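Overview (structure and organization)
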Amino acid sequence: MKYKILIVDDDENICELLRLYLEKEGYETVVANDGREAVEKANKTLPDLILLDIMLPKLDGWQVCREIRKTQETPIIMITAKGEVFDKILGLELGADDYVTKPFDTKEVVARVKAVLRRSNDKNKKQVDEVKYSKLRINITNYELEIDGKLIDTPPKELELIYHLANNPNRVYTRDQLLDEVWGFDYYGDSRTVDVHVKRLREKLENISSEWSLKTVWGVGYKFEVK
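A word on the pattern of salt bridges. In the structure shown here, the tally under the stated rule is 20 salt bridges. Between Asp98 and Arg112 there is a salt bridge, with the nearest N and O atoms lying 2.9 Å from each other. One end of the pair, Asp98, is in strand S5 (residues 98–101); the other, Arg112, is in helix H5 (residues 106–124), and 14 residues separate them in sequence. Judged by its relative accessible area of 15%, Asp98 is buried. The partner of Arg112 in a salt bridge is Glu108, with the nearest N and O atoms 2.9 Å apart. Of this pair, Arg112 and Glu108 are both found in helix H5, 4 residues apart, which corresponds to roughly one turn of the helix. The class for Arg112 is partly exposed, based on a relative accessible area of 26%. A relative accessible area of 35% means that Glu108 is categorised as partly exposed. Via salt bridges that share partners, Glu130, Lys132, Arg137, Glu144 and Glu146 belong to a single interconnected network.

So, how was this worked out
Along each chain, numbering runs from 1 in the same order as the chain's sequence is written. Note on the predicted model: pLDDT of at least 70 is required for a residue's local features to be given, and 80 or more for side-chain atom pairs to be given and counted; whole-chain, interface and lining totals, by contrast, use all residues. As a rule here, side-chain values cover all heavy atoms of the structure and leave hydrogens and water aside. Should a side-chain nitrogen of Lys or Arg be within 4 Å of a carboxyl oxygen of Asp or Glu, the pair is scored as a salt bridge. Helix numbering and strand numbering both begin at the N terminus, where a helix is a DSSP run of H or I of at least 4 residues and a strand a DSSP run of E of at least 2. Here the term buried applies to any residue with accessible area under 20% of the maximum for its type, exposed to any over 50%, and partly exposed to those in between, with areas from a 1.4 Å probe on protein chains only.

Right, dumping it as structure tokens:
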């Protein structure tokens, strides 16, 4: 499943820049250039996160935030040229989850998107602490990997990696995405770390079931494929 990001800004160049960076990271994007269009597209496309400028035509960002909050708990990151503390506080009081001031570093915005999505998933999802497939059970609370009815000793990061992939079946992750989402944004290790962990997991999971498999998507990364 791809996360869908609604980008709202009346500056088309900023929208295009954010769109390119976010799609490069594997996100799906939708763009709106005024406040009314933003509310309409939020209701129609049900995005997973909204990047919302404040200074917009037709409805400003605060009004958009109020309208969206009437029906949705979608995470919102406010983006604006204004930097006053009052504006930040007002945005957060209206229900924004984070705040970025222009001019911004696009990589920082992407990092904040990832962080807010992670927090949102932790907060809103019922704690999905176990996933099950044919002959496979992964419990992240007790750090248990059960294969064909037997508990298998598994290092924590291996278990977190297979849990993350199996909890998002058929979604392709790049190595960098897995480093960010499993090892954490502050991890500075080599992306080959992911390859090593996948190799070890394959040794445990190979030929266990014909209904699922840990797949390499050449030139991209990995996915837990469910048939």
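Back to the write-up after that little detour.
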